[in-house]
Amino acid sequence: MNFRIMDKQTDQNIKTIRFPITADSKLQKMAEKTGLTKIDFFIAMVDYFYKSKKDPRDLNDELLKKELVKRTDRVIAFIKVIEDNLLMPLITSTDKINNSQEQIVNYFNKHIIGHNKDQKEAYAKQQTTLNSLDASMKHVEAAQYTKDTIKRKCLDILNFYIQHREAMGMMTKQVDKDSLIENVRQQMKNL
């Protein structure tokens, strides 16, 4: 080892590398693109290959491809696990819910709507019966009114007969008696 002492500091740049001029010009261009010196670029390049464990001779990045395939396989495996553990049970549950809802709708259509239809028909029959009963009651009321009217008119005719009969005496002519009877009969017919 060769040590040089400069202002009480040891120089860390104690190694040299010899390489072709074409490689030097490429190194210079790459360093300029990144804004680094050739030494800083070289150090960053060594760190990169050291950390990534890539082979600098592998221009097609076969290790990178293998790593990508490996990671892709891991992601696919993860997705399959999620599918098996989460999505499939969710789909199964959704199917069960859909089947349950379909059964509820069928039950509703079969029983509740049928019951409502039966209730509607029963209500219609009740309404018809009530309408018929109402018509009968009106007829009875009208008949009762007519009966009361006839009774009152009959009483009026009877009172008319009694009043005129009492006014007749023993000496009343038979023609007047017959006329009174005929008048009462005619009034009774007119009811």
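Residues numbered from 1 in each chain as written. Predicted model: local features only at pLDDT ≥ 70, side-chain atom pairs only at ≥ 80, totals over all residues. Heavy atoms only, no water.

**Section: the overall build of the protein chain**
Part 1 of the argument: In terms of regular secondary structure, the protein chain is built from 4 helices and 2 strands.
Part 2 of the argument: Against the globule reference of 16 Å for 191 residues, the protein chain gives a C-alpha radius of gyration of 62 Å, more extended than a compact globule.
Part 3 of the argument: Taking the principal axes of its C-alpha atoms as reference, the protein chain extends roughly 185 × 40 × 35 Å.
Part 4 of the argument: When burial is assessed residue by residue, the protein chain has 5% of its 191 residues classed as buried.
Part 5 of the argument: Partitioning the intrachain contacts of the protein chain with sequence separation of at least 6 by distance along the chain shows that 25% fall at a separation of at least 24.
Part 6 of the argument: Accessible surface, the protein chain as shown: approximately 17800 Å² in total, 59% of it carbon and sulfur.
Part 7 of the argument: Charge centroids of the protein chain, computed over 33 positive and 26 negative side chains, lie 2 Å from each other. (Helix = DSSP H or I, 4+ residues; strand = E, 2+ residues; numbered from the N terminus. Rg over C-alpha atoms; globule rule 2.2 N^0.38 Å. Buried < 20%, exposed > 50% of the residue type's maximum accessible area, 1.4 Å probe, protein only. Contact = heavy atoms within 4.5 Å. Areas by Shrake-Rupley, 256 points an atom, 1.4 Å probe, with all protein chains shown as cover. Lys, Arg positive; Asp, Glu negative; His and termini not counted. Charge placed at Lys NZ, Arg CZ, Asp CG, Glu CD.)

**Considerations on the side chain of K177**
Part 1 of the argument: If you trace the backbone, K177 turns up in helix α4 (residues 174–189).
Part 2 of the argument: Among buried Asp, Glu, Lys and Arg side chains, K177 stands out as unpaired, with D178 the closest opposite charge at 8.3 Å.
Part 3 of the argument: Excluding residues within four positions of it along the chain, K177 makes contact with R165, M168 and T172. (Salt bridge = Lys/Arg side-chain N within 4 Å of Asp/Glu carboxyl O.)

**Structural notes on the packing of helix α3 (residues 62–167) against α4**
Part 1 of the argument: Put simply, α3 and α4 touch, their axes get as near as 10 Å, and they point 175 degrees apart. When the interaxial angle is binned, α3 and α4 end up roughly antiparallel. Between α3 and α4, the contacting residues are C154, I157, F160, Y161, H164 and R165 on the first element and K177, L180, I181, N183, V184, Q187 and M188 on the second.
Part 2 of the argument: Taken together, the residues of the contact of α3 with α4 break down into 8 nonpolar, 3 polar and 2 charged. (Axes fitted to C-alpha atoms, helices over the stretch in contact; angles between N-to-C directions. Parallel < 35°, antiparallel > 145°, perpendicular 65-115°, else oblique. Nonpolar A, V, L, I, M, F, W, Y, C, P; charged D, E, K, R; others polar.)

**Here's the deal with the confidence of the model for the protein chain**
Part 1 of the argument: Across the protein chain, pLDDT averages 84, with 93% of residues at or above 70.
Part 2 of the argument: Model confidence for the protein chain, summarised as mean pLDDT per element, is weakest for strand β1 (residues 5–6) at 44 and strongest for helix α1 (residues 21–34) at 92.
Part 3 of the argument: Considering only residues more than four positions removed or in separate chains, one finds that residues 1–8, a stretch of pLDDT under 50, has 5 contacts. (pLDDT = per-residue confidence, 0-100.)

**Focus: a nonpolar patch on the surface**
Part 1 of the argument: A contiguous nonpolar patch, built from I17, F19, I39, F42, I43 and V46 and spanning about 540 Å² of accessible area, is present on the exposed surface.
Part 2 of the argument: The residue F42 is located in helix α2 (residues 38–52) in this model. (Patch = residues over 30% accessible without salt bridge, like charges linked within 9 Å, V, L, I, M, F, W, Y side chains within 5 Å.)

**Considerations on α2**
Part 1 of the argument: In this model α2 runs 21 Å from its N-terminal to its C-terminal C-alpha over 15 residues, within 8% of the 21 Å that 1.5 Å per residue would give.
Part 2 of the argument: Looking at the residues trailing α2, positive phi occurs at K53, about 55 degrees. (Expected span 1.5 Å × (residues − 1).)

**Some thoughts on the pattern of salt bridges**
Part 1 of the argument: Per the stated rule, a full pass over the model turns up 3 salt bridges.
Part 2 of the argument: For D24, the salt bridge goes to K38, with nearest N and O atoms at 2.8 Å. With D24 in helix α1 and K38 in helix α2, this residue pair connects regions lying 14 residues apart in the sequence.
Part 3 of the argument: Two residues, E67 and R71, come together in a salt bridge whose shortest N-O distance is 2.8 Å.

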